[in-house]
Amino acid sequence: MTDRYAVIGHPINHSKSPQIHAAFAQATGQDLSYTAIDSPLDGFAATVATFRESGGKGVNVTLPFKLEACALATDPSEAARLAGAANALKFDGDRIWADNFDGVGLVNDIQVNLGHALRGRRVLVLGAGGATRGALLPLSAQGPAVLAVANRSADKAHALRADFAAHAALQTGGYAELAGESFDVVINATSAGLSNETLPLPPGLFAPGALAYDMVYGKGLTPFLRQAQQAGVSALADGVGMLVEQAAEAFVWWRGVRPGTAAVIRSLSVPLV
């Protein structure tokens, strides 16, 4: 019998997840179907319940339901609990397991696909929202020399430092406080790229040989990546690799088989111009 999975979000017609998981299933010989479900904003729990009752095995969760997904779980992972958000659910009888693979996907893309080791490096994450919360534990686990978070509202960045104090040593503050510092890896976890907004970054932020990484994908050269390019950065990446790598983590969590990711990343990549 074909096992059923889905991605739930609103809106959902832009999602690449069905394409990604279809490629994974074909490559690994897994008998499954994967669809996209558009849930009403006030109907996420009911949408999940209907899918479970119809025999669904698990779901990915995208905006704006990641917080609700974590709250719905009977068994959230530590990563999901600390992030306060989940992007994958697995169903087992009355139990709903939840995890957040966004940060693992980010780390795998940076280190494995892009070849930028994080251990001993100075790493900066821009933004203090859910995307950052999901990334901090996996980034910290790699042993960077510095793991910093900067946000327009310094208070929100400082709140993250307090929330993660038992798990990661964070340097936090506003963008202006970055003046005079430089970083080997700078990750944009804000939504600025979606609104064509330029971040108020001080000069000298990118160290020689730095990687500039924007979690937004499929938009070409975002304002953040353009800023980095103009600052002399040649190593630029968008979030398509992160998207595929987090999907691979969910796939192995559900199926016990790890798919390759390189071909799928290539098929979804757009030029950064």
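Keep in mind it's a predicted model, so treat the numbers as computed, not measured. (Residues numbered from 1 in each chain as written. Predicted model: local features only at pLDDT ≥ 70, side-chain atom pairs only at ≥ 80, totals over all residues. Heavy atoms only, no water.)

### Remarks on the pairing of strand β11 (residues 206-214)
With respect to burial, β11 is a largely interior element, 7 of its 9 residues being buried. In the sheet, strand β10 (residues 183-188) pairs with β11 via 5 bridges, with the strands oriented parallel. From the neighbouring strand, F183 faces β11, where its bridge partner is F206. (Buried < 20%, exposed > 50% of the residue type's maximum accessible area, 1.4 Å probe, protein only. Helix = DSSP H or I, 4+ residues; strand = E, 2+ residues; numbered from the N terminus. Pairing = 2+ DSSP bridges.)

### Considerations on the nonpolar core
With 28 residues, the main nonpolar core has L106, I110, L139, I187 and Y213 as its most contacted residues. The set of elements that each furnish at least two residues to this core consists of α5 (102-113), β7 (122-126), α6 (130-141), β8 (146-150), α7 (154-163), β10, β11 and β12 (235-237). Grouped together as the second largest cluster of nonpolar side chains are 22 residues, L126, A148, A212 and V233 included. (Core = buried A, V, L, I, M, F, W, Y, C linked by side-chain atoms within 4.5 Å.)

### Details of the pattern of salt bridges
Tallied over the full model, the rule gives 9 salt bridges. K66 serves as the salt-bridge partner of D102, at 2.8 Å between the closest nitrogen and oxygen. Of this pair, D102 sits in helix α5 while K66 sits in helix α3 (residues 66-72), and the two are 36 residues apart along the sequence. The class for D102 is buried, based on a relative accessible area of 13%. Residues E78 and R81 are paired through a salt bridge, measuring 4.0 Å at the closest nitrogen-oxygen approach. In this pair, E78 and R81 are both assigned in helix α4 (residues 78-83), 3 residues apart and thus about one turn of the helix distant. Classification of R81 by relative accessible area gives partly exposed; the value is 49%. (Salt bridge = Lys/Arg side-chain N within 4 Å of Asp/Glu carboxyl O.)

By themselves, these observations are geometric and do not establish any function.
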